[in-house]
Amino acid sequence: MKILGIETSCDETAAAVVADGVTILSNQIASQVAIHARYGGVVPEVASRQHTLSIIPIIKQAMAEAGTGWHDLDGIAVTSGPGLAGSLLVGVNVAKALALAHGLPITGVNHLEGHIYANWLGGSIPIFPLVCLIVSGGHSDLVLMRGHGDYVVLGRTRDDAAGEAFDKAARILGLGFPGGPAIERAARGRPATLNLPRAWLKGTDDFSFSGVKTALLRLVDDGKIAPAERNDGRPGIGVAAASFQEAVIEVLVDKTIAVARERPVRQILLAGGVASNELLRRWLVERSPLPVLAPAPVLCTDNAAMVAACGYYRLHSGKQDDLSLDVVPGLKLA
Ligand code: KG4
Ligand code: ZN
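No experiment lies behind these values; they were computed from the predicted model shown.

Definitions and limits used
Residues numbered from 1 in each chain as written. Chains lettered and ligands numbered in written order. Predicted model: local features only at pLDDT ≥ 70, side-chain atom pairs only at ≥ 80, totals over all residues. Heavy atoms only, no water. Helix = DSSP H or I, 4+ residues; strand = E, 2+ residues; numbered from the N terminus. Buried < 20%, exposed > 50% of the residue type's maximum accessible area, 1.4 Å probe, protein only. Contact = heavy atoms within 4.5 Å. Axes fitted to C-alpha atoms, helices over the stretch in contact; angles between N-to-C directions. Parallel < 35°, antiparallel > 145°, perpendicular 65-115°, else oblique. Left-handed = near helix turned anticlockwise from the far one by under 90°. Nonpolar A, V, L, I, M, F, W, Y, C, P; charged D, E, K, R; others polar. Near = heavy atom within 4 Å. Polar contact = N/O pair within 3.5 Å; in protein donor to acceptor, adjacent residues only side chain to side chain. Areas by Shrake-Rupley, 256 points an atom, 1.4 Å probe, with all protein chains shown as cover. 1 Å grid on protein atoms, 1.4 Å probe; cavity = no way out; pocket = protein on both sides within 12 Å on 5 of 7 lines; lining within 4 Å. Sits in = over half its atoms within 2 Å of the grid points.

### Points about unusual backbone geometry
Backbone torsion omega between Gly-81 and Pro-82 reads -10 degrees, so that peptide bond is classified as cis. Examined against the element boundaries, Pro-82 turns out to sit in the loop between β4 (75-81) and α3 (85-102). With an omega dihedral of -5 degrees, the bond running from Phe-177 to Pro-178 counts as a cis peptide bond. You will see that Asp-20, though not glycine, has its phi angle at about 55 degrees, which is positive. You can see Asp-20 is positioned in the loop between β2 (12-19) and β3 (23-31).

### Thoughts on the side chain of Gln-32
Turning to its location among the elements, Gln-32 is positioned in the loop between β3 and α1 (33-37). Residue classification places Gln-32 among the buried residues on the basis of a relative accessible area of 2%. In this view, Gln-32 contacts Asp-11, Glu-12, Thr-13, Val-46, Ala-47, Gln-50 and His-51; residues no more than four positions away in its chain are not counted.

### Thoughts on the packing of helix α7 (residues 210-221) against helix α8 (residues 237-262)
At their nearest, the axes of α7 and α8 sit 10 Å apart, and the two run at 165 degrees to each other. On the basis of their axis angle, the class for α7 and α8 is roughly antiparallel. Remark: the crossing between α7 and α8 carries right-handed chirality. Side by side, α7 and α8 meet where Val-212, Lys-213 and Leu-216 of the first sit next to Ala-240, Phe-244, Ala-247 and Val-248 of the second. Looking at side-chain class alone, the contact of α7 with α8 contains six nonpolar, no polar and one charged residues.

### Some thoughts on the site of ligand 1
Within the structure, ligand 1 sits among 20 residues, and Gly-137, Asp-167, Gly-180, Glu-184 and Gly-273 are positioned closest to it. Within the backbone of Gly-137, a nitrogen or oxygen atom sits 2.8 Å from an oxygen atom of ligand 1. Protein contacts shield 89% of the accessible area of ligand 1, which totals 560 Å² for the unbound molecule. Among the cavities detected, the one that contains ligand 1 is the largest pocket. Mapped by element, the contributors of at least two residues to the shell around ligand 1 are α4 (111-117), α5 (162-172) and α6 (179-187). Across the shell around ligand 1, the residue classes break down as three nonpolar, 13 polar and four charged.

Next up, the structure:
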């Protein structure tokens, strides 16, 4: 069963063809990162216009790379939320037009559910029940998954999402956008010697990352961090980046493992853009008593293969939408 996946929820225009929910036949991504970088963040109207320009070429490329014609497809899966309304509308309307033109079933996919299903594309199938840590630009959720489409959100962020915290910290340190990869690069080989606060929120499975970001801002404002390329005895940008990264990752790892120990789960999954962070992946594997699965880094950040994988399981269980499918910018997982 071949599914065409379409993803336009934020600033990546992506299309992919996936067979049987697990085999990637093509995975095309047109990134707008360079366009938004000059504004220091995603500009919604610019994003939707770029999607409009890129969506048809990127779908054609995905179909060609997969060697697939329209008659070979069994369905179309498209992200319908959460995300930027104007961006989501481009993908959903193109998907509906294609479904109508080619007589194909369509299913709307929750972007977060898509991130989780990136774990089905790595060659081994996850085993239920499991705990998944979804860490992206908009979410830091700890989710219990008992079966396909069966989610209980155990914890979530009370303020900034993990990716959002990385992006803000990178801006504070003058490291550019997107912040996660920039912080990770700057931190490489540097000691995490600054003592930044960890918000454990004991007794809950929730997260909070605004405190560590504010603490970093205060250090910079108070002149405690040496600016780039100056070695004057003060800790530099790299040390600040490494300290920030460790403070965020330590809380993510320890709280995820605590949740997994409390429940009768068989695996821990990672998902979302921050899941491509090497330290997060390494510490979780080293410290977890359970097997840990994480998608390949290119499948952690936004892509359409994950949407097609999720769409396969949705269509398989009869979760088909009709042409009244609409976008839901604030769509929840459960
Ligand atoms: O899942 P994603 O591509 O888009 C959303 O659904 O939000 O996640 C993007 C977020 C950004 O905040 C970005 O800074 C962060 O993921 N990110 C990282 C890394 N790569 C991307 N954060 C930490 N380390 C990374 N290597
Ligand atoms: Zn995402």
